Amino acid sequence: MAAITAAMVKELRDRTGLGMMECKKALVESEGDVDAAIENMRKSSGLKAAKKAGRTAAEGVALVKVSDDNTRAFVLEVNSETDFVARDDNFMGFVREVLDVAFNNDETDVAKLMAGDLEGKREALVQKIGENITVRRVIKVEGAVVDGYVHSNNKIASVVALTAGDSEVARDIAMHVAAVNPRVARGEDMPQEEVEQEKDIIRAQPDMAGKPPEIVEKMMAGRIAKFLKEISLVDQPFVKNPEQTVGALVKSNGGELSSFVRIEVGEGIEREEVDFAAEVAAAAGSSKS
């Protein structure tokens, strides 16, 4: 059985908001598997949801470039090792150049995009700055009406495509996407295996115990419907006017939602947490010897 470390308990507490002893017990029962512990805790305690692991290895920026006719947009993520470098003018100049080349050449394949001059410029920048720099991903969005939004810290970028309407509406919805982070455009877009997993969790919750199967199924259907509304862009209350859903806003402007993209710098990349106090203590100890 894997040893249960303080870091594992901390991660589970951060992701669930539950007590230390409860988290430690859940980790023991799951043999150190954090994701399995979360699923078991959701079944036993009615925990609504858990945050995704937030430890990311990459800093950097995400930017958007939209065509003048608002029918095409490119979203780019470029990573650096530290946030300090991500705010450097030389780094930002390189990122903007990469985005311009991707946009002008209609290229989303990173390997093809970086072949030639851009790779040479990346290597030169790495030598100058002293940190690794990686062009991680480029995404293209097309539609009748397209616009995007980049949060002020350049860490979150989003693009929305509509079938018709005003580009300002598309930009406002892109701002909503950046802020709220919907999982899917519509409830029916949610992968069925994830819906089934959510159903299993609901069935196993304490208030379902002892109820007739038909009552359980009825209650589960209601909770699944609520769950899908909460994660679906068109059903979410619009951040600028919570009295109106995003879907209703789009329809009132004569269109429908075609697609959306949201990227957050470093998402999905884990890093080893550094205990700076321990490092300093170790360094101090070695200097005395």
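The shown structure was predicted, so the numbers you read here are calculated from the model rather than taken from an experiment.

**Re the overall build of the protein**
On a plain count of helices and strands, the protein comes out with 12 helices and 8 strands. Relative to its full complement of 289 residues, the protein shows a buried share of 39%. Carbon and sulfur atoms make up 50% of the accessible area of the protein, which totals about 15,700 Å².

**Description of the packing of helix H5 (residues 89-105) against helix H7 (residues 117-129)**
Across the interface, H5 lies against H7 with an axial gap of 11 Å and an inter-helix angle of 170 degrees. Accordingly, the angle class assigned to the pair H5 and H7 is roughly antiparallel. Residues Asn90, Phe91, Phe94, Glu97, Val98 and Val101 of H5 touch H7, and the partners they reach there are Leu118, Lys121, Arg122, Leu125, Lys128 and Ile129. Taken together, the residues of the contact of H5 with H7 break down into 7 nonpolar, 1 polar and 4 charged.

**Topic: the pattern of salt bridges**
Counted under the stated rule, the structure contains 19 salt bridges. The closest approach of N and O atoms between Asp106 and Arg72, which form a salt bridge, is 3.3 Å. Remark: Arg72 occurs in strand S2 (residues 72-80) and Asp106 occurs in the loop between H5 and helix H6 (110-114); sequence separation between them is 34 residues. Put simply, Arg122 and Glu119 hold a salt bridge, and the shortest N to O gap is 2.8 Å. Taken as a pair, Arg122 and Glu119 lie in helix H7 at a separation of 3 residues, close to a single helical turn.

**Quick word on unusual backbone geometry**
Located in the positive-phi region is Asn154, a residue other than glycine, with phi close to 60 degrees. Mapped onto the fold, Asn154 is located in the loop between strand S4 (145-150) and strand S5 (156-162). Within the chain, Asn181 stands out as a residue other than glycine whose phi angle is a positive 60 degrees. Mapped onto the secondary structure, Asn181 falls in the loop between helix H8 (167-180) and helix H9 (192-203).

**What to know about the nonpolar core**
If you look at the biggest cluster of nonpolar residues, it comprises 22 residues, and the most contacted ones within it are Leu76, Val78, Phe91 and Phe94. Listing elements by their share of this core, those giving two or more residues are strand S1 (59-66), S2, helix H4 (83-86), H5, H6, H7 and strand S3 (134-142). For this core, the leading source of residues is H5, giving 8 residues. Contacts of Val78, omitting those with residues within four sequence positions, involve Glu59, Gly60, Val61, Phe91, Phe94, Val95, Ile133, Thr134, Val135 and Arg136. Tyr149, Ile156, Ala178 and Val234 belong to the second-largest nonpolar core, a separate cluster that totals 20 residues.

**Thoughts on the packing of H9 against helix H10 (residues 213-231)**
It is at 10 Å that the axes of H9 and H10 come closest, and there the two elements cross at 130 degrees. Accordingly, the angle class assigned to the pair H9 and H10 is oblique. Helix-helix and strand crossings are classified by hand; for H9 and H10 the assignment is right-handed. Two secondary-structure elements touch here, H9 through Val195, Glu198, Lys199, Ile202 and Arg203 and H10 through Val216, Glu217, Met220, Arg223, Ile224, Phe227 and Leu228. Per-class residue counts for the contact of H9 with H10 are 7 nonpolar, no polar and 5 charged.

**Let's talk about the pairing of S1**
Across the 8 residues that make up S1, a large majority, 6, are buried. Across 8 bridges, the pairing between S1 and S2 is antiparallel. Residue Val64 lies in a different strand from S2, and its bridge partner there is Val75. Linkage of S1 to S2, two consecutive antiparallel strands, is achieved through a turn of 5 residues, within which Asn70 is found at a positive phi near 55 degrees.

**Observations concerning the sheet that holds S2**
In spatial order, the strands read S1-S2-S3; together these 3 strands make up an open sheet with antiparallel pairing. The open sheet has two free edges, formed respectively by S1 and S3, since each of these has just one partner strand. The mean angle between the axes of side-by-side strands here comes to 15 degrees, regardless of whether they run parallel or antiparallel. Across the sheet, H5 touches S1, S2 and S3, and the angle it forms with S1 is around 40 degrees.

**Here we look at the environment of Ser232**
With respect to the helices and strands, the residue Ser232 is situated in the loop between H10 and strand S6 (237-238). Along the backbone, Ser232 and Gly247 are 15 residues apart, and their C-alpha atoms lie at a distance of 9.8 Å. When neighbours within four sequence positions are excluded, Ser232 is seen to be in contact with Val184, Ala185, Arg186 and Gly187. Of note is the side chain of Ser232, whose polar atom sits 3.1 Å from the backbone nitrogen of Gly187.

**Side note on the packing of aromatic side chains**
If you walk through the whole model with that rule in mind, you get 1 aromatic pair. One residue, Lys65, lies across the ring of Phe103, its end atom 5.3 Å from the ring centre. Cation over ring: Arg72 sits above Phe103, and NZ or CZ is 4.1 Å from the ring centre.

Conventions and cut-offs
- Throughout this document, residue positions are counted from 1 along each chain, in the order its sequence is written.
- At least 70 in pLDDT is required for a residue's local features to be given in this predicted model, at least 80 for side-chain atom pairs to be given and counted, and no such filter applies to totals for whole chains, interfaces and linings, which use all residues.
- Computation of side-chain values covers all heavy atoms of the structure but excludes hydrogens and water.
- The numbering of helices and of strands both runs from the N terminus, where a helix is a DSSP run of H or I of at least 4 residues and a strand a run of E of at least 2.
- Categorising residues by exposure relies on relative accessible area from a 1.4 Å probe, with only protein chains included: less than 20% of the type maximum marks a residue as buried, more than 50% marks it as exposed, and the intermediate range marks it as partly exposed.
- Only the protein chains shown count as covering a residue, and every accessible area follows the Shrake-Rupley method with a 1.4 Å probe.
- For helices, the fitted axis covers only the stretch in contact; all axes are lines through C-alpha atoms, and the angles between them, taken along N-to-C directions, range from 0 to 180 degrees.
- What sets the label is the angle itself: under 35 degrees gives roughly parallel, over 145 gives roughly antiparallel, 65 to 115 gives roughly perpendicular, and the rest give oblique.
- Every residue pair with non-hydrogen atoms within 4.5 Å of one another is taken to be in contact.
- Under this grouping Gly is polar, as are all residues other than the nonpolar Ala, Val, Leu, Ile, Met, Phe, Trp, Tyr, Cys and Pro and the charged Asp, Glu, Lys and Arg.
- Each salt bridge in this description consists of a side-chain nitrogen of Lys or Arg and a carboxyl oxygen of Asp or Glu lying within 4 Å of one another.
- To form a nonpolar core, buried Ala, Val, Leu, Ile, Met, Phe, Trp, Tyr and Cys residues must be joined to one another through side-chain atoms within 4.5 Å.
- Should the near helix be turned anticlockwise from the far one by less than a right angle, the crossing is termed left-handed; should it be turned clockwise, right-handed.
- Only strands joined by at least two bridges in the DSSP assignment are considered to pair.
- Polar contact is defined as a pair of N or O atoms within 3.5 Å, subject to the rule that within protein one atom must be able to donate a hydrogen and the other to accept it, and that residues adjacent in sequence are counted only when both atoms are side-chain atoms.
- Centre distance within 6.5 Å is the pairing criterion for rings of Phe, Tyr and Trp, where only the six-membered ring of Trp is used; planes under 30 degrees apart are then read as stacked, over 60 as edge-to-face, and the remainder as tilted.
- For a ring to carry a charge above it, either NZ of a lysine or CZ of an arginine must fall within 6 Å of the ring centroid while also lying within 35 degrees of the normal to the ring plane.

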